[in-house]
Every structure is written in C-alpha cells, then in structure tokens.
Amino acid sequence: MSDGHQFNNITLGGRGGTNPGQMKIYSGGIIWKRQGGGKLIEVDKADIMGVTWMKVPRTNQLGVQIKDGLFYKFTGFRDQVTIHPFRMCICIILWSRE
C-alpha cells in the first residue's frame, strides 16, 4: 500500500456520531481505520461510484458513494491538502473503469 497517501485525524461521520481515525487512499481503494483499533472501513476501487469534495466549517470533507448506495463522509482534511484527496479518488475511479 506504499503507492498511496495517508491522512491522520480524519473522522468518519455517521448515525453513531463521528469517529476519529486514519485514512489511506491508494490505487486499490480507500481504507479508514478507527483510532485505537476496532472499526475498519475498506472500499475497493471497483465499488466507488462517485466522490465529492466540499469545504465544511473549519475543515474539508471527502464524500465517497459506493455501489450498494452507502455514502461515507470523511472529515478533517486541512486546507493545506485542499483538493488532493479528491483528485486521488477520481484517479482511483478512472483506474477501476479500465
């Protein structure tokens, strides 16, 4: 998984509130691991149907929609990385369509 990028302090929003963790975006997809262990979200590149990038209060949010209709919201990207994770996800989608 050395072909990707890692981001710390990324929260996964959901019905249970927000959970802080670490995110890796790589050519095979996306992995988010809850801080301190436990919950792991792994999205294969073939399952990604769309991505969004938006500025939210004090940070940035990456949204990832997958084939089964789920929509993951990953928040905590600093302004310094701005659009970089979004570009990575677009590349993953394009690679999976080849």
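Conventions and cut-offs
- Residues numbered from 1 in each chain as written.
- Predicted model: local features only at pLDDT ≥ 70, side-chain atom pairs only at ≥ 80, totals over all residues.
- Heavy atoms only, no water.
- Helix = DSSP H or I, 4+ residues; strand = E, 2+ residues; numbered from the N terminus.
- Buried < 20%, exposed > 50% of the residue type's maximum accessible area, 1.4 Å probe, protein only.
- Contact = heavy atoms within 4.5 Å.
- Areas by Shrake-Rupley, 256 points an atom, 1.4 Å probe, with all protein chains shown as cover.
- Pairing = 2+ DSSP bridges.
- Polar contact = N/O pair within 3.5 Å; in protein donor to acceptor, adjacent residues only side chain to side chain.
- Phe/Tyr/Trp six-rings, centres within 6.5 Å; stacked < 30°, edge-to-face > 60°.
- Axes fitted to C-alpha atoms, helices over the stretch in contact; angles between N-to-C directions.

Visitor: Tell me about the overall build of the protein chain, and please be specific about residues and values.
Guide: Looking only at helices and strands, the protein chain features one helix and seven strands. N-terminal to C-terminal, the α/β element order of the protein chain is β-β-β-β-β-β-β-α. Each of the 98 residues in the protein chain was classed as buried or not, and the buried ones make up 39%. Taking the contacts inside the protein chain whose residues are at least 6 apart along the sequence as the reference set, 36% of them involve residues at least 24 apart. Taken as a whole, the protein chain presents about 6,000 Å² of accessible surface, with 50% of it coming from carbon and sulfur.

Visitor: Mind laying out the environment of Gly28, listing which residues take part and the relevant values?
Guide: Following the sequence through the fold, Gly28 ends up in the loop between strand 2 (17–26) and strand 3 (29–34). You can call Gly28 buried: its relative accessible area is 19%. For the pair Gly28 and Lys45, spaced 17 residues apart in sequence, the C-alpha to C-alpha distance is 5.5 Å. Those residues within four positions of Gly28 in sequence are excluded, and the remaining contacts are Val43, Asp44 and Lys45.

Visitor: Describe the pairing of strand 6 (residues 59–66), and please don't skip the residues or the numbers.
Guide: Judged by how many residues are buried, strand 6 sits mostly within the fold: seven of eight residues are covered. Counted between consecutive antiparallel strands, the loop separating strand 6 from strand 7 (residues 71–77) contains four residues, among which Gly69 sits at a positive phi close to 100°.

Visitor: Residue-level account of the side chain of Thr59, with values.
Guide: Take Thr59: it is sitting in strand 6. Residue class for Thr59 comes out buried when judged on its relative accessible area of 13%. A distance of 3.1 Å separates a polar side-chain atom of Thr59 from the backbone oxygen of Phe77. Residues in contact with Thr59, not counting those within four places in the same chain, are Thr75, Gly76 and Phe77.

Visitor: Which residues make up the packing of aromatic side chains, and what are the values?
Guide: Describing an aromatic ring pair means giving the distance of the ring centres and the angle of the ring planes. As enumerated under the stated definition, the model contains three aromatic pairs in all. With centroids separated by 5.3 Å and ring planes inclined at 50°, the aromatic side chains of Trp53 and Phe77 adopt a geometry described as tilted. Here Phe77 lies in strand 7 and Trp53 lies in strand 5 (residues 48–56), a separation of 24 residues in the sequence. Side by side, Trp53 and Phe77 carry an identical accessibility label, which is buried. Taken together, the aromatic side chains of Phe7, Trp53 and Phe77 make up a single cluster linked through ring pairs.

Visitor: Talk me through the sheet that holds strand 3; I want residue IDs and the actual numbers.
Guide: Across the sheet, seven strands lie side by side as 4-3-2-1-7-6-5; this open sheet has antiparallel pairing. Each edge of the open sheet is held by one strand with a lone partner, namely strand 4 (40–44) and strand 5. Direction aside, the axes of adjacent strands within the sheet are offset by 30° on average. Note: strand 5 against strand 6, eight bridges, orientation antiparallel. When the sheet's bridge partners are listed, Met54 is paired in strand 6 with Gln61.

These results come straight from atomic positions and should not be treated as a statement about function.
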